[in-house]
Amino acid sequence: MHSEISIKSVWKLFGDSSPELIAQFRSGTDPEQLHASHGVRAAVRDVSMEIHSGEIFVVMGLSGSGKSTLLRMLNGLISPCEGEVIVQGQSLKAMTARQMAALRRHQMAMVFQSFALFPHRSVLDNAAFGLEVAGLPRKARHDRAMQALERVGLATEARKRPRELSGGMQQRVGLARALALDPPILLMDEAFSALDPLIRKDMQDLLLDLQSEHRRTVVFISHDLDEAIRIGDRIALMHSGLLLQCDTAQRLLHNPASDAVRRFFRDVDVASVLTVEAIAQPPLQQLICELGEPLPDHGDVTVYVTDRLHRLRGVLRADSGWVDVGVVSTLSAGTSVKDATDVVAKSPDPVPVLDDERRLLGVITPRQLLLSMEGGG
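Computed from a prediction, not measured in an experiment: that's the story for all the values here. (Residues numbered from 1 in each chain as written. Predicted model: local features only at pLDDT ≥ 70, side-chain atom pairs only at ≥ 80, totals over all residues. Heavy atoms only, no water.)

Draft legend 1. Structural detail: the overall build of the protein. Of the regular secondary structure elements, the protein holds 16 helices and 17 strands. Put simply, the protein has 377 residues, and 48% of those count as buried. Summed over its atoms, the accessible surface of the protein is roughly 18,400 Å², and 50% of this surface lies on carbon and sulfur atoms. Taken together, the 42 basic and 47 acidic charged side chains of the protein have centroids lying 8 Å from each other. (Helix = DSSP H or I, 4+ residues; strand = E, 2+ residues; numbered from the N terminus. Buried < 20%, exposed > 50% of the residue type's maximum accessible area, 1.4 Å probe, protein only. Areas by Shrake-Rupley, 256 points an atom, 1.4 Å probe, with all protein chains shown as cover. Lys, Arg positive; Asp, Glu negative; His and termini not counted. Charge placed at Lys NZ, Arg CZ, Asp CG, Glu CD.)

Draft legend 2. View of unusual backbone geometry. The backbone phi angle of Ser 9 is positive, close to 45 degrees, even though this residue is not glycine. Phi angles above zero are rare outside glycine, and Asp 182 is one such case at about 50 degrees. Mapping Asp 182 onto the fold places it in the loop between helix H8 (167-180) and strand S7 (185-189).

Draft legend 3. Just helix H7 (residues 138-151), in detail. If you check H7, its first and last C-alpha atoms are 20 Å apart, about what 14 residues at 1.5 Å a residue would give, namely 20 Å. Here H7 has its buried residues at Arg 141, His 142, Ala 145, Ala 148 and Leu 149. Down the axis of H7, the sector holding all buried residues measures 125 degrees, keeping them to one side. Turned more than 90 degrees away from the buried face of H7 sit Lys 139 and Glu 150, all of them exposed. The inward-facing, buried residues of H7 contact helix H5 (123-127), helix H6 (129-133) and H8. At the C-terminal side of H7, Gly 153 shows a positive phi close to 75 degrees. (Expected span 1.5 Å × (residues − 1). Arc of directions from axis to C-beta. Contact = heavy atoms within 4.5 Å.)

Draft legend 4. Highlighting the sheet that holds strand S17 (residues 360-364). The mixed open sheet is built from three strands, whose spatial order is S15-S16-S17. A strand with exactly one partner marks an edge of an open sheet, and here the two such strands are strand S15 (331-332) and S17. Both S15 and strand S16 (residues 351-354) contribute to a ladder of two bridges, which runs parallel. Its bridge partner lying in S16, Leu 331 is registered against Val 353. (Pairing = 2+ DSSP bridges.)

Draft legend 5. A look at the environment of Asp 269. With respect to the element layout, Asp 269 can be found in the loop between helix H12 (259-264) and helix H13 (270-273). Classification of Asp 269 as partly exposed rests on a relative accessible area of 35%. Sequence spacing of Asp 269 and Gln 147 is 122 residues, and the spatial spacing of their C-alpha atoms is 38 Å.

What follows is the structure, encoded as structure tokens:
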């Protein structure tokens, strides 16, 4: 998979940032001791990660974990003391000021927690601000800003001032301003954390909808694990400037690299994180048979019949014979175990799990479902 952003052994110290101090951190000297003796804090410590093109990549951690410092290194607002950030194949430290400005103007946009709207500008002019800075003529920028406002459901509010909008609507304006630039990379710093839970969920839904329409590389900073699980294709867990682990929510949950990662997930509802393809098993009997070919005799188990591209055609039941795929209960890849419970409980056979092309990935029994909820899947 293509990497849009590469972070290579990045360090950021506030206070004295000499190589000697970094060497002391590397050697395992107590950070509190170094702060007491040298007045130095390590915000980011030897972090490396690859952010893939088109994914929502969530950097998650509590206050002081270094996640926001890391985000600001991605667009050059903060420079690392050591290490390198590479965006779209270009090293930020090798860029001139002009190249850096062009990167921020055309390749990246940022959405802040504080909305960062201009109170005396209309919603439309706020949404068009980045295009104005980029030098786009008034009509062209207003046209693009209005399209962005339509995408976030605010076209009818274009003439209003920010103070006339709710907090959730103001955050939509901030998102529209970023979308108007149509950047391949979107940086979001605790963008939804100031919103109440219902509006926050609406904004998460909106982001997922926008991503399904037009895939961007989204780097999303959050301190909320439920939010990270809900929107993130992958999650990087940070603590005290260190990267603890980076993976999908399912792998973090089932294969934690340390006790610290395990503690992050101790209160998580496993069934809401785990998806059906992660626990699906091969059926006891599978038959490849093209349309029109005669179906052979079968024994006393349910046979899952696919074509040569592994797309499910139907099942052969020992008691009732052929059942066409159109009336077979199935589950789509990406369905949570929690949402699959009713389907599996009501089905007389193990339930097939299909991908977007209707290919058979495996089947799920009630026993597998229960084992997975107990962490034994």
